[in-house]
Amino acid sequence: MPSTANTVSHLTEPASNNDLARPQIIDDFIGMYQQLNKDSLHLLNQVYSDEIIFQDPLHKVEGIEHLSLYFANLYANVDHIEFDIKEVSCSHQQAAVFWAMHYRHSKLNNGQLITVEGMSQLKFSDKITAHRDYFDLGSMLYEQLPLVGRLIKFIKNKASA
């Protein structure tokens, strides 16, 4: 498991000299994900606009209501989740947040911890209006399934040999 030296909680502290221009909404976004679970989905309203467009390798959803439902389904069987923020880069009303997600799901990887690295591209004004996640869906999901996972790992090994 990657070091947790740069966990989300460290990024909710005052910004360093490198981060002086980071907008508050980005710190709020990071802080929200530190607390987010199936029982705290109401926090989505604090950082996302009502017209949010959210996309990840699985789905594209539009609107805060659809996003809340999507997250409720994603988090329903998640036993544990935390985000380790690696780097944040901001420019005019855009940000890139590089992270590692550590989670446990009762039906994946025999309930053992799974780590997936990824990046979130955010667009914002006073709230986040667009959020696109980039990550390896295979390492998050397919490789964690009993039969499919072995097949994908076999194919990856053959391809890299």
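The structure this text deals with has already been given above.
Residues numbered from 1 in each chain as written. Predicted model: local features only at pLDDT ≥ 70, side-chain atom pairs only at ≥ 80, totals over all residues. Heavy atoms only, no water.

Draft legend 1. Summary view of the layout of surface pockets. Estimated volume of the largest pocket: approximately 490 Å³. Forming the walls of the largest pocket are 26 residues, and the residues nearest its centre are L74, Y75, I81, M101 and M140. Counting only elements with at least two residues in the lining of the largest pocket, the list comes to α2 (24–35), α4 (64–75), β3 (78–91), β4 (94–105) and β6 (128–135). What the second largest pocket holds in volume is close to 160 Å³. Around the second largest pocket sit 11 residues that line it, and N109, N110, Q144, L145 and P146 are the ones nearest its centre. Its residues assigned to classes, the lining of the second largest pocket comprises three nonpolar, four polar and four charged. (1 Å grid on protein atoms, 1.4 Å probe; cavity = no way out; pocket = protein on both sides within 12 Å on 5 of 7 lines; lining within 4 Å. Points joined across faces, edges and corners; volume = space filled by probe spheres on them. Helix = DSSP H or I, 4+ residues; strand = E, 2+ residues; numbered from the N terminus. Nonpolar A, V, L, I, M, F, W, Y, C, P; charged D, E, K, R; others polar.)

Draft legend 2. Quick look at a nonpolar patch on the surface. Taken together, L151, F154 and I155 make up a surface patch of nonpolar side chains, about 310 Å² in accessible area. Following the sequence through the fold, I155 ends up in helix α6 (residues 146–160). Look at I155 and you get partly exposed, because its relative accessible area is 48%. (Patch = residues over 30% accessible without salt bridge, like charges linked within 9 Å, V, L, I, M, F, W, Y side chains within 5 Å. Areas by Shrake-Rupley, 256 points an atom, 1.4 Å probe, with all protein chains shown as cover. Salt bridge = Lys/Arg side-chain N within 4 Å of Asp/Glu carboxyl O. Buried < 20%, exposed > 50% of the residue type's maximum accessible area, 1.4 Å probe, protein only.)

Draft legend 3. Geometry of the pattern of salt bridges. Following the criterion strictly, the structure yields two salt bridges and no others. R22 is the partner of D27 in a salt bridge, and the nearest nitrogen-oxygen pair spans 2.8 Å. A relative accessible area of 14% places D27 in the buried class. The class of R22 is buried, set by a relative accessible area of 11%. The partner of D84 in a salt bridge is K86, and the shortest N-O contact between them spans 3.1 Å.

Draft legend 4. Local environment of α2. Helix length check: α2 (12 residues) gives 17 Å between terminal C-alpha atoms against 16 Å at 1.5 Å per residue, within 8%. Taken as a whole, α2 has its buried residues at I25, I26, D27, F29, I30, G31, M32 and Y33. (Expected span 1.5 Å × (residues − 1).)

Draft legend 5. How the structure looks around the sheet that holds β4. Pairing in this open sheet of six strands is mixed, and the strands run β2-β1-β6-β5-β4-β3 from one edge to the other. The open sheet has two free edges, formed respectively by β2 (60–62) and β3, since each of these has just one partner strand. Each strand axis lies, on average, 20° off the axis of its neighbour in the sheet, ignoring direction. Relative to β2, strand β1 (residues 48–55) runs antiparallel, the two sharing three bridges. Counted as the bridge partner of I53 is E62 from β2. (Pairing = 2+ DSSP bridges. Axes fitted to C-alpha atoms, helices over the stretch in contact; angles between N-to-C directions.)

Draft legend 6. Spotlight on unusual backbone geometry. If you check the backbone angles, N109 has positive phi at about 55° while not being a glycine. Position of N109 relative to the elements: it lies in the loop between β4 and β5 (114–124). Phi is positive for N110, close to 55°, though the residue is something other than glycine. Checked against the element boundaries, N110 lands in the loop between β4 and β5.

Fair warning: the whole summary comes from geometry, so function is off the table for now.
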